[in-house]
Amino acid sequence: MEKNLVNETENKPGAVKRIAKEFEAFVTRGNVVDLAIGIVIGAAFGKIVSSFVNDVVMPLISALFGKVDLSGMFVQIGSAKIMYGNFIQNIIDFLFIAVGVFVFIKLINRINNNAIDFATGKTVVKDKQLKVLQEIRDELVKK
């Protein structure tokens, strides 16, 4: 049986406060904040990659193969203008963004597997068995 939120809040005066506290706990959890930060960084990264493609890669391609302006390529069908050049440009942007994200994730994974002691500047290689034992210990401490 589903609970009706409206009836629940009408019947219990403290329900609105409880829901507000649950919402606050949800919003302030690390995962939600991390997701928001990831979205902002991702949007900025997308702009950087688009600029790289438009300002560096495409001029190099134009220098090698002659003037290439993909954004101006289109097909006119009646009164409709199909801008397939923009589509190709967006595919190129996507490919560069995907490669950039792949390299970034590989870097993050390498950093996580080989922790850096910032105090000494040395790389500390984590033993996988030690990591599993630490996780087991942490779970036992929680219980």
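The structure presented is a predicted model; accordingly, all values stated were derived computationally and were not measured. (Residues numbered from 1 in each chain as written. Predicted model: local features only at pLDDT ≥ 70, side-chain atom pairs only at ≥ 80, totals over all residues. Heavy atoms only, no water.)

(A) Spatial organisation of the overall build of the protein chain. Broken down by element type, the protein chain carries five helices and four strands. In sequence order, the secondary structure elements of the protein chain are arranged as α-α-α-β-β-α-β-β-α. Per-residue burial over the protein chain gives 9% buried out of 143 residues. Long-range contacts, defined here as pairs at least 24 residues apart, represent 28% of the contacts in the protein chain between residues at least 6 apart. Accessible area of the protein chain: about 12200 Å², with a carbon and sulfur share of 66%. (Helix = DSSP H or I, 4+ residues; strand = E, 2+ residues; numbered from the N terminus. Buried < 20%, exposed > 50% of the residue type's maximum accessible area, 1.4 Å probe, protein only. Contact = heavy atoms within 4.5 Å. Areas by Shrake-Rupley, 256 points an atom, 1.4 Å probe, with all protein chains shown as cover.)

(B) Looking closely at the packing of aromatic side chains. Summed over the entire model, instances satisfying the criterion amount to one aromatic pair. Arranged with centres 5.7 Å apart and planes meeting at 70°, the rings of Phe52 and Phe96 form a pair that is edge-to-face. Residue Phe52 is located in helix H3 (residues 30–65), and its partner Phe96 is located in helix H4 (residues 84–113); the two are separated by 44 residues in the primary sequence. Note on Phe52: relative accessible area 38%, which makes it partly exposed. Across from the ring centre of Phe74, 4.4 Å away, lies the NZ or CZ of Lys81, which sits over that ring. (Phe/Tyr/Trp six-rings, centres within 6.5 Å; stacked < 30°, edge-to-face > 60°. Lys NZ or Arg CZ within 6 Å of the ring centre and 35° of its normal.)

(C) Structural view of a nonpolar patch on the surface. Together, Val75, Ile77, Ile82, Tyr84, Phe87, Ile88, Ile91, Phe94 and Leu95 line one region of the surface with nonpolar side chains, adding up to about 830 Å² of accessible area. Where the nonpolar patch is concerned, the elements lending two or more residues are strand S1 (75–77) and H4. Looking at the element boundaries, Ile91 is found in helix H4. (Patch = residues over 30% accessible without salt bridge, like charges linked within 9 Å, V, L, I, M, F, W, Y side chains within 5 Å. Salt bridge = Lys/Arg side-chain N within 4 Å of Asp/Glu carboxyl O.)

(D) Representation of the pattern of salt bridges. For the structure on display, the rule yields three salt bridges. Between Arg18 and Glu22 there is a salt bridge whose closest N-O contact spans 3.0 Å. Of this pair, Arg18 and Glu22 both sit in helix H2 (residues 15–28), four residues apart, roughly one helical turn. Under the relative-accessibility criterion, Arg18 is labelled partly exposed at 37%.

(E) The environment of Val49, seen in detail. Position of Val49 among the secondary structure elements: in helix H3. You can call Val49 buried: its relative accessible area is 7%. Taking the C-alpha atoms as reference points, Val49 and Phe96, 47 residues apart in sequence, are found 6.7 Å from one another. Non-local contacts of Val49, meaning those with residues more than four positions away in its chain, are made with Asp93, Phe96 and Ile97.

(F) Looking closely at the nonpolar core. By size, the foremost hydrophobic cluster in this structure holds five residues: Val49, Val53, Met58, Leu70 and Ile92. For this core, the element with the highest residue contribution is H3, accounting for three residues. Apart from residues lying up to four places away in sequence, Ile92 is in contact with Val53, Met58 and Leu70. (Core = buried A, V, L, I, M, F, W, Y, C linked by side-chain atoms within 4.5 Å.)

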